[in-house]
Amino acid sequence: VPPRAAHKTLLYSEPARDLENLEADIAILGMPFGAAYSPRSFTNDQSHTPQTMRDISDRIVREPDHYDFDIDGPLLQGREDIRFVDCGDVLPDLGKPGDHYRKAELAVRQILKAGALPIVLGGDHGITTPILRAFDSLAPITLVHVDAHLDWRDEVDGIKEGLSSPIRRASEMAHVKDIVQIGLRAQGSARTEEYE
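## Examining the pairing of strand 5 (residues 141-146)
Only one face of strand 5 is covered, namely the face carrying I141, L143 and H145; the face carrying T142, V144 and V146 is uncovered. Here strand 5 runs beside strand 6 (residues 176-182); their pairing, made up of six bridges, is parallel. Of the residues in strand 6, the one forming a bridge with V146 is I182. Between the parallel pair strand 5 and strand 6, the chain is carried across by helix 4 (residues 166-171), and the sense of this crossover is right-handed.

What follows is the structure, encoded as structure tokens:
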């Protein structure tokens, strides 16, 4: 679905809705929701992140072709051969729980098939699992996980692909060769058995 009203795309990128015929080098995809542990999880603050990032992106880049002193040139460095697009959001259908995971995986597969770099805006950590599945044709993958938490739970409340489990699910994917975790600290959802 297209982004909500207000700022339509991230950093004034071109909107792109036809993923089957996508022509892009960089493709933004919003996925506001992972697998919720409860109905209240569907209204959490992080579900607003993809659109919020679009809304504030004009503070970063007011005009893509204007000179930016931080990067010593315009956003795409004057390269007109780089096609930067925003593919909108993958939203859940409450009538088909979990189907947005299938749609997100398919969307990323289409982006990769087009030869573009997908940049996915979440959402909770549950979005990692379907997105990472789409990279199976690019094996071997090295996953670098920067987080305070281990994210290695097998399940929470019967949910195996939620925000506490993506690194464990990644470890089960044949195309993920190495996992590097940086920043683990304090307490998260992991118990001793997940650590071990």
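## Details of the sheet that holds strand 1 (residues 14-15)
Within the open sheet, the four strands sit side by side as 1-3-2-4. Their pairing is parallel. At either end of the open sheet lies a strand with only one pairing partner, and these are strand 1 and strand 4 (117-122). Of the pairings in the sheet, the one linking strand 2 (residues 26-31) to strand 3 (residues 84-89) comprises four bridges and is parallel in character. From the neighbouring strand, A27 faces strand 3, where its bridge partner is V85. Here helix 2 (residues 99-113) sits on the sheet in contact with strand 2, strand 3 and strand 4, set at roughly 175 degrees to strand 2.

## Let's talk about a nonpolar patch on the surface
On the surface, a cluster of nonpolar side chains totalling about 350 Å² of accessible area is made up of V144, V146, V180 and I182. Among the secondary structure elements, those contributing two or more residues to the nonpolar patch are strand 5 and strand 6. Looking at where V180 falls in the secondary structure, it is placed in strand 6.

## Details of the pattern of salt bridges
All told, the structure shown has 18 salt bridges when counted by the stated rule. Linking R79 and D81 is a salt bridge whose minimum nitrogen-to-oxygen distance equals 2.7 Å. By relative accessible area, R79 is classed as partly exposed at 46%. We note a salt bridge from D99 to K103, for which the minimum N-O separation is 3.9 Å. Taken as a pair, D99 and K103 lie in helix 2 at a separation of four residues, close to a single helical turn. By relative accessible area, K103 is classed as partly exposed at 35%. Each of the salt bridges in this network shares a partner with another, and the network as a whole consists of D154, K160, R168, R169 and E172.

## Points about the side chain of S13
Mapped onto the fold, S13 is located in the segment before strand 1. Overall, the relative accessible area of 5% leaves S13 in the buried class. Excluding its chain neighbours within four sequence positions, the residues that come into contact with S13 are F84, V85 and D86.

Conventions used here
Residues numbered from 1 in each chain as written. Predicted model: local features only at pLDDT ≥ 70, side-chain atom pairs only at ≥ 80, totals over all residues. Heavy atoms only, no water. Buried < 20%, exposed > 50% of the residue type's maximum accessible area, 1.4 Å probe, protein only. Helix = DSSP H or I, 4+ residues; strand = E, 2+ residues; numbered from the N terminus. Pairing = 2+ DSSP bridges. Right-handed = clockwise from strand over helix to strand, strands pointing away. Contact = heavy atoms within 4.5 Å. Axes fitted to C-alpha atoms, helices over the stretch in contact; angles between N-to-C directions. Patch = residues over 30% accessible without salt bridge, like charges linked within 9 Å, V, L, I, M, F, W, Y side chains within 5 Å. Areas by Shrake-Rupley, 256 points an atom, 1.4 Å probe, with all protein chains shown as cover. Salt bridge = Lys/Arg side-chain N within 4 Å of Asp/Glu carboxyl O.

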